[in-house]
Amino acid sequence: MKIIILGAGQVGATLAENLVSEANDLTIVDLDADKLALLQDRLDLRTVVGSASHPSVLRAAGAEDADMLVAVTQSDETNMLACKLAESLFNIPTKIARIRATDYLKHPQIFSAENLCVDYTISPEQEITNYLRRLIDYPDALQVLDFAAGKVRLVAVRAYHGGPLVGHELRDIRKHLPKLDARVAAIFRGNRAIIPEGNTVIESGDEVFFIAATENIRSVMKEMRRLDKKVSRVMIAGGGNIGRRLAAALENDYQVKLIDHNKNNGARLAAELHNTLILVGDATDESLLEDENIDDMDVFCALTNDDEDNIMASLQAKRMGARKVIALINRASYVDLVQGGQIDIAVSPAQATIGPLLSHVRRGDMAVVHSLRRGAAEALEAVVHGDTKTSKLVNRRIEEVKWPEGVTVGAIIRGEEVIIAHHDTQIAAEDHIILFVPNKRMIPKVEKLFQVGFGFI
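Undergrad: What exactly am I supposed to notice about the overall build of the chain here?
TA: A tally of helices and strands in the chain yields 15 helices and 22 strands. Relative to a compact globule of 457 residues, whose C-alpha radius of gyration would be 23 Å, the chain shows 23 Å and is just as compact. Taken across its 457 residues, the chain has 54% of its residues classed as buried. The long-range fraction of contacts in the chain, counting pairs at least 24 apart against all pairs at least 6 apart in sequence, stands at 61%. For the chain, the exposed surface amounts to about 20,100 Å²; the carbon and sulfur share of it is 48%. Computed over 53 positive and 64 negative side-chain charges, the separation of the two mean positions in the chain equals 4 Å.

Undergrad: In this structure, what is going on with the pairing of strand 9 (residues 182-189)? I would like to understand it.
TA: Looking along a regular strand, one sees side chains alternate from face to face of the sheet. In terms of burial, strand 9 is largely enclosed, as six of its eight residues are buried. As paired elements, strand 9 and strand 11 (residues 207-213) share six bridges and run antiparallel to each other. Across the sheet, the residue bridging to R183 is I211, located in strand 11. Bridge count between strand 9 and strand 10 (residues 192-194): three bridges; the pairing is antiparallel. From the neighbouring strand, F188 faces strand 10, where its bridge partner is A193. The hairpin formed by strand 9 and strand 10 contains two residues between the paired strands, and G190 there has a positive phi angle of roughly 70°.

Undergrad: When you look at the nonpolar core in this model, what are you seeing that I'm missing?
TA: Across soluble globular proteins, you tend to see nonpolar side chains buried next to one another. L357, W403, I427, L435 and F450 are the most contacted members of the largest nonpolar core, which totals 48 residues. The dominant element in this core, judged by the number of residues it contributes, is helix 1 (residues 10-20), at six residues. With residues near it in sequence (within four places) discarded, L435 still touches E378, A379, L380, W403, V407, T408, V409, V446 and F450. The next biggest cluster of nonpolar side chains, apart from the first, holds 46 residues, and it includes I128, L142, V256 and A411.

Undergrad: Can you walk me through empty space enclosed by the protein in this structure?
TA: One way to see where empty space is left: roll a probe the size of a water molecule over the atoms. Tallied over the entire structure, the rule returns four cavities of 30 Å³ or more. In this structure, the largest cavity encloses a volume near 40 Å³. Around the largest cavity sit A185, A186, I187, A193, I194, I195, P196, G406, T408, F436 and P438, which together line it. Counting residues per element, the ones that place at least two in the lining of the largest cavity are strand 9 and strand 10. With three residues, strand 9 is the single largest residue contributor to the lining of the largest cavity.

Undergrad: Looking at this structure, how should I read the packing of helix 6 (residues 124-137) against helix 9 (residues 241-250)?
TA: A pair of packed helices can be characterised by two numbers: the angle between their axes and the separation between those axes. Closest axis-to-axis distance for the helix 6/helix 9 pair is 9 Å, and the angle between their directions is 45°. The angle between helix 6 and helix 9 places the two elements in the oblique class. Judged by the twist between their axes, the crossing of helix 6 over helix 9 is right-handed. Residues E125, Q126, I128, T129, L132, R133 and I136 of helix 6 touch helix 9, and the partners they reach there are N241, I242, R245, L246, A249 and L250. Partitioned by chemical class, the residues of the contact of helix 6 with helix 9 number seven nonpolar, three polar and three charged.

Undergrad: Even after reading the chapter, I still don't get the environment of Q351, so can you show me in this structure?
TA: Looking at the element boundaries, Q351 is found in helix 14 (residues 349-361). Residue class for Q351 comes out buried when judged on its relative accessible area of 17%. For the pair Q351 and G375, spaced 24 residues apart in the sequence, the C-alpha separation amounts to 7.1 Å. Not counting residues up to four positions away in its chain, the partners in contact with Q351 are T14, N18, S371, R374 and G375.

Undergrad: Help me out: how do you make sense of the state of the cysteines in this one?
TA: What makes a disulfide is a covalent bond joining the sulfur atoms belonging to two cysteines. As enumerated under the stated definition, the model contains zero disulfides in all. Of all cysteine sulfurs in the structure, the one in C117 sits closest to C83, which takes part in no disulfide; the separation is 8.6 Å. A relative accessible area of 0% places C83 in the buried class.

Undergrad: Help me out: how do you make sense of the packing of aromatic side chains in this one?
TA: Each aromatic ring pair is summarised here by two numbers: the centre-to-centre distance and the angle between the ring planes. A full pass over the atoms with the stated rule returns three aromatic pairs. With 5.1 Å between their ring centres and 55° between their planes, F209 and F436 make a pair best called tilted. Taken together, the residues F209 in strand 11 and F436 in strand 22 (residues 432-437) connect sequence positions 227 residues apart. Each member of the pair F209 and F436 is classed as buried. Aromatic rings pair up to connect F188, F209 and F436 into one cluster.

Undergrad: Please explain the pattern of salt bridges as it appears in this structure.
TA: If the charged atoms of two oppositely charged side chains come close together, the side chains can form a pair. Per the stated rule, a full pass over the model turns up 24 salt bridges. Between E87 and K95 there is a salt bridge, with its nearest N and O atoms 3.0 Å apart. Judged by its relative accessible area of 28%, E87 is partly exposed. As a salt-bridge pair, D119 and K95 come within 3.1 Å of each other at their nearest N and O atoms. Remark: K95 occurs in strand 5 (residues 94-98) and D119 occurs in the loop between helix 5 (102-105) and strand 6 (120-122); sequence separation between them is 24 residues. Put simply, E87, K95 and D119 are held in one network by salt bridges that share partners.

Undergrad: I'm lost on the pairing of strand 19 (residues 377-383) in this one. Help?
TA: Among the seven residues of strand 19, seven are classified as buried, and the element is accordingly described as predominantly covered. Neither face of strand 19 is left uncovered, since the one carrying A377, A379, E381 and V383 and the one carrying E378, L380 and A382 both have all their residues buried. Here six bridges tie strand 18 (residues 366-372) to strand 19, and the two strands are oriented antiparallel to one another. Opposite V369, over in strand 19, you have L380 as the bridge partner. In textbook terms, the turn of a hairpin is the stretch between consecutive antiparallel strands, and for strand 18 and strand 19 this stretch comprises four residues, one of which, R373, has a positive phi near 50°. As defined by bridge partners, strand 19 adjoins strand 22 across six bridges and the pair is classed as antiparallel. Looking at the pairing, E378 lines up with V437 of strand 22.

Reading the values: the criteria
Residues numbered from 1 in each chain as written. Predicted model: local features only at pLDDT ≥ 70, side-chain atom pairs only at ≥ 80, totals over all residues. Heavy atoms only, no water. Helix = DSSP H or I, 4+ residues; strand = E, 2+ residues; numbered from the N terminus. Rg over C-alpha atoms; globule rule 2.2 N^0.38 Å. Buried < 20%, exposed > 50% of the residue type's maximum accessible area, 1.4 Å probe, protein only. Contact = heavy atoms within 4.5 Å. Areas by Shrake-Rupley, 256 points an atom, 1.4 Å probe, with all protein chains shown as cover. Lys, Arg positive; Asp, Glu negative; His and termini not counted. Charge placed at Lys NZ, Arg CZ, Asp CG, Glu CD. Pairing = 2+ DSSP bridges. Core = buried A, V, L, I, M, F, W, Y, C linked by side-chain atoms within 4.5 Å. 1 Å grid on protein atoms, 1.4 Å probe; cavity = no way out; pocket = protein on both sides within 12 Å on 5 of 7 lines; lining within 4 Å. Points joined across faces, edges and corners; volume = space filled by probe spheres on them. Axes fitted to C-alpha atoms, helices over the stretch in contact; angles between N-to-C directions. Parallel < 35°, antiparallel > 145°, perpendicular 65-115°, else oblique. Left-handed = near helix turned anticlockwise from the far one by under 90°. Nonpolar A, V, L, I, M, F, W, Y, C, P; charged D, E, K, R; others polar. Disulfide = S-S within 2.5 Å. Phe/Tyr/Trp six-rings, centres within 6.5 Å; stacked < 30°, edge-to-face > 60°. Salt bridge = Lys/Arg side-chain N within 4 Å of Asp/Glu carboxyl O.

Right, dumping it as C-alpha cells:
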C-alpha cells in the first residue's frame with residue numbers, strides 16, 4: 001500500500017517502523033526536519049518537510065495516488081483538515097485521524113463523509129486509559145488485551161517459583177479446570193518464543209499468554225498463580241490527559257488519589273472529578289507520599305509527560321511500600337530497561353496505541369490488532385470470509401490448515417458464542433479467529449490465509 005503518515009512524533013514514528021518492514025510505500029510528513037532525518041537514517045521511507053494540512057505539501061507527499069492517509073500530528077484540527085483535503089482534493093480512499101479532545105469524540109457525526117471525511121478516528125489517550133484500567137482490574141497480569149468487543153481476553157502472567165503450574169505440562173490445565181475452557185496461546189522464555197504443546201512444561205519466569213472468555217479470566221488466573229488481594233486504593237501521579245481520564249474511569253470503583261504539581265490544573269481537576277482526592281505537589285516528594293499513606297496503596301501509576309519523573313516517582317513509591325507500580329514511558333529504549341525490576345509494568349504509549357492503526361492497514365478483514373513485545377509479536381482478531389471453494393479456512397478443521405510457523409489459534413467467536421480452539425475445531429464462514437503471531441515476519445502469510453481467492457480448491 002502507498003501510505004502517507006502525517007506527524008513524526010511517537011505514534012507516527014512507531015507506525016512507520018511497523019509498516020516499513022511489510023513492503024509498504026511510506027511517506028512521512030512533519031515540520032521538524034531533524035526528526036525526519038533521524039527516521040530516514042533508520043528506515044526505508046520518503047520524508048517531506050512541511051505543514052500537514054497544506055495541499056501543496058500533501059501533493060509533494062504523493063497524495064494524488066495514495067491508498068491511505070494517517071494523520072497523527074499533535075493537533076486535532078490539523079488532522080481533521082488534512083482528512084478533508086485528502087478526500088476533496090485527492091480522493092484518497094482511507095483516511096484516519098488521531099483525535100485527542102473528548103469534545104470532538106462526543107460528536108461522531110462531524111467525522112462523516114458529508115462533513116470532515118474521516119473514515120476512522122483513533123484516540124491514543126483513550127486507548128492507554130483503557131489499557132491501564134484493565135491492568136488495575138487484573139493486578140497480577142502483565143498485559144490484558146480485549147477481543148470481540150470484550151467477550152474474550154488474552155492475558156499475560158509471569159509464572160513464579162512455587163506457582164501452581166510451574167513444573168507441570170500444559171495439558172494439566174484441563175485437569176485442574178475441567179469446567180472452564182482456556183488455552184495457552186504463547187509462552188516467552190526470556191526473548192525466545194516457545195510453541196505451546198500439550199507436553200510443554202512451564203518454567204519459573206516464563207511469560208505465559210492465555211486466552212479465555214472474559215467471565216472465566218479470574219478463575220484461570222487463580223490456576224496460573226496465587227492471586228494477590230484485590231485492588232481498592234489507587235494513586236495517580238500526573239493530571240494530564242491520561243491521568244485525568246484514568247481517574248474518571250476509576251473513581252466510582254476504587255479509592256483514587258491524584259497528584260499534580262500545578263495548582264491551577266489541580267483546581268480544574270477538583271471541579272471535574274467528584275470522587276477523587278486531588279493533591280497539589282511533587283510525586284517524587286517523599287514526605288508527601290508518606291503523608292498520603294503510600295504504603296497502603298495497591299497500585300501507583302506514574303503518568304506525567306516526563307519519563308525520568310515517572311521512573312523516579314515509581315521507584316520511590318515502590319521503595320516506600322506501594323504494592324504494584326506502573327510507569328508510562330515514552331522512550332522505547334527505557335521500557336525494557338526498567339520493567340520487571342522495581343517497576344512492575346512499564347507502558348509504552350506508542351506500542352499500546354499502534355494496534356487500532358494496524359487493524360486498518362492489514363490486508364484481509366482484521367477486526368482487532370494488538371502489538372506485543374515492542375512490535376516483535378502480534379495478537380489478531382481476523383474475520384473469515386468466503387466459502388469452501390474461495391477460502392483456505394472455511395469448513396476446515398484447525399489441524400488441516402497450514403498455519404505459518406509458530407502461529408497459534410486461541411479462540412473462535414461465532415456470533416455470541418466463544419469457542420476455545422482445539423485441533424479438531426471446525427472453522428465456519430464469518431467466524432472471528434483470534435491468533436497469536438510470535439514473529440511479525442509471519443504476518444503476510446497470515447494475511448494470505450484470510451484473503452478470499454477466485455475458486456480456491
